[in-house]
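Commentary on secondary and tertiary structure
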Amino acid sequence: MAFSMSWLEHDVQEPGPGRDRRVLAAFRGELYRCLSKRADALFEMADAVLCKTGRVHMLAELSLEPEHRRGHGALYGAVNRARVDIARLRWSLAALPLPAWDDGRIRLAVDVSNWLRPDATTSPERLFCHCYARGRGNAQMIPGWPYSFVAALEPGRTSWTRLLDAVRLGPADDATEVTARQVREVVTRIAGAGHWHEGDPLIMVVFDAGYDLTKLAWLLRDLPVQVLGRLRSDRVMYFPAPARAPGTNGRPPRHGTALKLADPATWPDPQVTTVTATTWYGTATAHAWGRLHQRLASRAGWEDHDGDLPVVEGTLIRLAVDHLPGSRDAEPVWLWTSALLTDAVAVDRAWQAFLRRFDIEHTFRFLKQVLGWTRPKLRDPAAADRWTWIIIACHTQLHLARHLTEDLRLPWQQPCAPGRLTPARVRAGFRNIRQALPCPASAPKPGKPGPGRPPGRKNRRPATRCDVGKTVKREEPSKKPAPRRVK
């Protein structure tokens, strides 16, 4: 943590027109120091990704860019056999300035993006990734590597997010526990970098549907975070248990009246109601009920819990809008947060932060379609992790350079207002910025390619075929075996 606080200390605190350029140059130098093996090839590969005209379709074409002074063999060798100090790079990302909100609260978004590898039968640690297909309810399960990303959200309508961390989910990982550990580490680094202090507002962590919000709130209960996410419309929530009547015996109840999200007859009068006029969604109406919790059972993620199952209370929010962008009909959205919200301002802040969560989808699309994150056909998952962090470093450099570049638009593109350039527009002018930045990579040394496999000789060591899915066996069965019948 000490070096992460020192390498940007003067550049962050000193305002001025050259502040963004100094911060970008400092981050490039820190990125080079995070590359402990084949650093020159990896660094020039990142510059080739940033300066290439058009989209990245394959790794070999990056060697044709003038920023990459080495051959395509060095490029593939760097991806497959380089060494990246990921722990140091994570601290470097946390030391950079975070997006500023009016209320001073930090908002993080957590989501999973899949690197699909359906034909990579020799690639280990692949899982079945949930992917949406065309048509309502047409989902597909395609083999690939799922990555969990954490990004800092920005206020207002934007396609920018600040990527802070990425973790690949493996066959033996529990998604909820891995996500909780990832959020814990990110929050620890944010606090260690001085972006959060004691007494500041809680850090809001926003999730989409599919996450176990109750367990995440329980695992992160000792951190200064507020968990916020979407619930399925068929869930059942419970109010607190009523006070026990005097003189009654037996075990006291743990759950009160049920609130079924799909049954309006079970909805009592909301404690907070807000009506907000929006530009893209029409009138947004939010109803909030406080101190609601989920009824837990000793299965799935709670089967290893010691003692009585906890009662994790929070605030339930029903958000209804007139329409979606494009005049499409919108169904109500149910949100749950671990904070007990009692005023209209806090309720509006919660559902507005959830709408900002969708900005991370723009980041995923940019990483895949423009920077070519999922384009390389890599076999080793470790090589995929290196390439992923190189792409994160490239996106971070674009984020730091968005106020330094000019709008070099094509004739058919609409002009962008100053300070509103998209990541693709910033990338179009990054080559001009790079000429004024220091390049720590050294010049390549002359060499010649290796002999390779002799002509006519077949490969006698074929790669191992790997299964897909949760291939790790449990030590004990999750269910008790059925009793044998006695004849």
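Residues numbered from 1 in each chain as written. Predicted model: local features only at pLDDT ≥ 70, side-chain atom pairs only at ≥ 80, totals over all residues. Heavy atoms only, no water.

Let's talk about the overall build of the chain
- Within the chain one finds 13 helices and 14 strands.
- Taking 23 Å as the expected radius of gyration for a compact globule of 487 residues, we find that the chain reaches 26 Å, a close match to that expectation.
- In terms of overall dimensions, the chain has a C-alpha envelope of 90 × 75 × 50 Å along the principal axes.
- Put simply, the chain has 487 residues, and 46% of those count as buried.
- Considering only residue pairs separated by 6 or more positions, the chain has 69% of its internal contacts joining residues 24 or more positions apart.
- Summed over all atoms, the accessible surface of the chain reaches about 26,200 Å², with 50% contributed by carbon and sulfur.
- With 73 positive and 50 negative side-chain charges, the chain shows a separation of 9 Å between the mean positions of the two kinds. (Helix = DSSP H or I, 4+ residues; strand = E, 2+ residues; numbered from the N terminus. Rg over C-alpha atoms; globule rule 2.2 N^0.38 Å. Buried < 20%, exposed > 50% of the residue type's maximum accessible area, 1.4 Å probe, protein only. Contact = heavy atoms within 4.5 Å. Areas by Shrake-Rupley, 256 points an atom, 1.4 Å probe, with all protein chains shown as cover. Lys, Arg positive; Asp, Glu negative; His and termini not counted. Charge placed at Lys NZ, Arg CZ, Asp CG, Glu CD.)

A word on a positive patch on the surface
- On the surface, Lys37, Arg38, Arg81 and Arg83 cluster together to form a positively charged patch.
- For Arg38, the position within the fold is in the loop between strand 1 (35-37) and helix 4 (39-51). (Patch = residues over 30% accessible without salt bridge, like charges linked within 9 Å, V, L, I, M, F, W, Y side chains within 5 Å. Salt bridge = Lys/Arg side-chain N within 4 Å of Asp/Glu carboxyl O.)

Focus: helix 3 (residues 19-34)
- Over its 16 residues, helix 3 runs 22 Å from end to end, which matches the ideal 22 Å to within 8%, given 1.5 Å per residue.
- Buried residues of helix 3: Val23, Leu24, Ala26, Phe27, Arg28, Gly29, Glu30, Leu31 and Cys34, and no others. (Expected span 1.5 Å × (residues − 1).)

Looking at the packing of aromatic side chains
- Per the stated rule, a full pass over the model turns up twelve aromatic pairs.
- For the ring pair Tyr147 and Phe149, a centre distance of 6.5 Å and an interplane angle of 40° mean the geometry is tilted.
- With relative accessibility at 1%, the residue Phe149 sits in the buried group.
- With a centroid separation of 5.3 Å and 55° between ring planes, the pair formed by Phe149 and Phe364 is classed as tilted. Placement of Phe149 in strand 5 (residues 139-152) and of Phe364 in helix 10 (residues 359-369) is noted, with a sequence separation of 215 residues between them. For the pair Phe149 and Phe364, a shared accessibility class is recorded, and that class is buried.
- Pairwise contacts between aromatic rings join Trp115, Trp145, Tyr147, Phe149, Phe364 and Trp373 into one cluster.
- The side chain of Arg357 reaches across the aromatic face of Phe358, ending 4.6 Å from its centre.
- Positioned over the ring face of Trp160 is Arg402, at 5.4 Å from the centre of the ring. (Phe/Tyr/Trp six-rings, centres within 6.5 Å; stacked < 30°, edge-to-face > 60°. Lys NZ or Arg CZ within 6 Å of the ring centre and 35° of its normal.)

Topic: the environment of Thr214
- With respect to the helices, strands and loops of the structure, Thr214 is situated in helix 8 (residues 213-219).
- On the basis of relative accessible area, Thr214 is assigned to the buried category, the value being 5%.

Points about the environment of Thr405
- The residue Thr405 is located in the loop between helix 11 (381-400) and helix 12 (423-428) in this model.
- Overall, Thr405 belongs to the buried group, its relative accessible area being 12%.
- Spatially, the C-alpha atom of Thr405 lies 38 Å from that of Ala330, the residues being 75 residues apart in sequence.
- Each residue touching Thr405, except ones within four places of it in the same chain, is listed here: Leu421, Val426, Gly429 and Ile433.

Considerations on the pairing of strand 12 (residues 283-294)
- As judged from the two bridges shared by strand 9 (residues 236-238) and strand 12, these two strands associate in the antiparallel manner. When the sheet's bridge partners are listed, Met237 is paired in strand 12 with Gln294.
- Bridging between strand 11 (residues 272-277) and strand 12 involves six bridges; their strand directions are antiparallel. Bridging from a neighbouring strand, Val272 pairs with Ala288 of strand 12.
- Two successive antiparallel strands, strand 11 and strand 12, enclose a turn made up of five residues, where Gly282 displays a positive phi of approximately 75°. (Pairing = 2+ DSSP bridges.)

Focus: the side chain of Thr337
- For Thr337, the location among the structural elements is in strand 14 (residues 333-337).
- Separated by 2.9 Å, the side chains of Thr337 and Gln226 make a polar contact.
- Of the polar contacts made by the side chain of Thr337, one reaches the backbone oxygen of Val227; its length is 3.0 Å.
- Once you skip the residues sitting within four places of it in the chain, Thr337 turns out to touch Gln226, Val227, Leu228, Gly314 and Thr315. (Polar contact = N/O pair within 3.5 Å; in protein donor to acceptor, adjacent residues only side chain to side chain.)

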